[in-house]
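# Notes for the structure review
Residues per chain, in single letters:
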Amino acid sequence: ENNTTPTSDEMNEIKETMLGDPKFNSINIEKLLKELSLWEKKDNKLRELSGGMKRRLLIAKALVHQPPIIILDEPTAGVDVQLRKNLWDNVKSLNKNGVTVILTTHYIAEAEEMCDRIGIIDKGILVELDSTNNLLEKIHSKTINIRVNKKVKIDDHFPKNIKVLSNTEKEISLSYDKSSVKMSEIIQYLLKHNINIIDISTEDGNLEDIFIKLTKH
């Protein structure tokens, strides 16, 4: 008996699914289970696994035979950071090999990172469907944080259409629309008012901004 082969109920089911296909063997199964932190439980019965482990086992069942299309429903819910990374590395590998992956998730950053196309559903209605790049191009908001040597005085010459998020003795934070305001206008204003700029950091909008705009919440 090969003691490296999974022997739990679910593992045997996975093996049986792969019978007759040489590219799916105990080595492939072992690699996948280790990536999902399940290998140490290979000899356990299904009823002995925790709820989280059973969930990861279902993911393993979906991934192991590399179908042409795979649907993952909230696969990383309740999964820690390292397991999430391992899972996505595996999914990305499948996708590069031609597997179409359909993912449902409440984690917008996850969708932005993983998906080529994104559909936004609100109350059962598809309100947007486009490539990730096209959606990101629709985001015009930008936040700029500027470390300064003193508090900035806002007067009538301050560039229009800029929202002041905070203004302290050490930093001013602003939000504006990239299509109507240039960063150079802000810099010029500060310099004219004898403000020393110590550091600048910027943040572009993300898909969460698009989601809020489309769903109004």
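Preceding this paragraph is the structure being described.
Cut-offs applied
Residues numbered from 1 in each chain as written. Predicted model: local features only at pLDDT ≥ 70, side-chain atom pairs only at ≥ 80, totals over all residues. Heavy atoms only, no water. Core = buried A, V, L, I, M, F, W, Y, C linked by side-chain atoms within 4.5 Å. Buried < 20%, exposed > 50% of the residue type's maximum accessible area, 1.4 Å probe, protein only. Helix = DSSP H or I, 4+ residues; strand = E, 2+ residues; numbered from the N terminus. Contact = heavy atoms within 4.5 Å. Polar contact = N/O pair within 3.5 Å; in protein donor to acceptor, adjacent residues only side chain to side chain. Salt bridge = Lys/Arg side-chain N within 4 Å of Asp/Glu carboxyl O. Pairing = 2+ DSSP bridges.

## Things to note about the nonpolar core
- With 30 residues, the main nonpolar core has Leu-33, Leu-36, Leu-63, Val-91 and Ile-118 as its most contacted residues.
- Within the residue set of this core, elements represented by two or more residues are helix 2 (26-35), helix 3 (51-64), strand 1 (69-73), helix 4 (81-96), helix 5 (108-114), strand 3 (117-122) and helix 8 (207-215).
- When residues in this core are grouped by element, the largest group, six residues, is from helix 3.
- Excluding residues within four positions of it along the chain, Val-91 makes contact with Leu-63, Leu-72, Val-101 and Met-114.
- Within the second largest apolar cluster, 14 residues are counted, among which are Ile-144, Leu-174, Tyr-176 and Val-181.

## Notes on the side chain of Thr-215
- Along the chain, Thr-215 falls in helix 8.
- For Thr-215, a relative accessible area of 6% puts it in the buried group.
- Engagement of the side chain of Thr-215 in a polar contact is seen with the backbone oxygen of Phe-211, the distance being 2.7 Å.
- Among all residues touching Thr-215, those that are not within four sequence positions of it are Ile-120 and Asp-122.

## With respect to the pattern of salt bridges
- Within the structure shown, the criterion is met by seven salt bridges.
- In this structure, Lys-138 engages Asp-130 in a salt bridge whose closest nitrogen and oxygen atoms are separated by 3.7 Å.
- With a shortest N-O distance of 2.9 Å, Lys-142 and Asp-204 are connected by a salt bridge. Linking Lys-142 in strand 5 (residues 141-148) with Asp-204 in strand 8 (residues 197-204), this pair joins segments that are 62 residues apart in sequence.
- By relative accessible area, which is 45% here, Asp-204 ends up partly exposed.
- Each of Glu-128, Asp-130 and Lys-138 takes part in one network of salt bridges that share partners.

## Description of the pairing of strand 5
- Of all eight residues in strand 5, six are buried; the element is thus mostly enclosed.
- Examined bridge by bridge, strand 5 and strand 8 share seven bridges and lie antiparallel to one another. Its bridge partner lying in strand 8, Ile-144 is registered against Thr-202.

## What about the pairing of strand 2 (residues 100-104)?
- Note: strand 1 against strand 2, five bridges, orientation parallel. Considered in strand 2, the bridge of Ile-69 is made with Thr-100.

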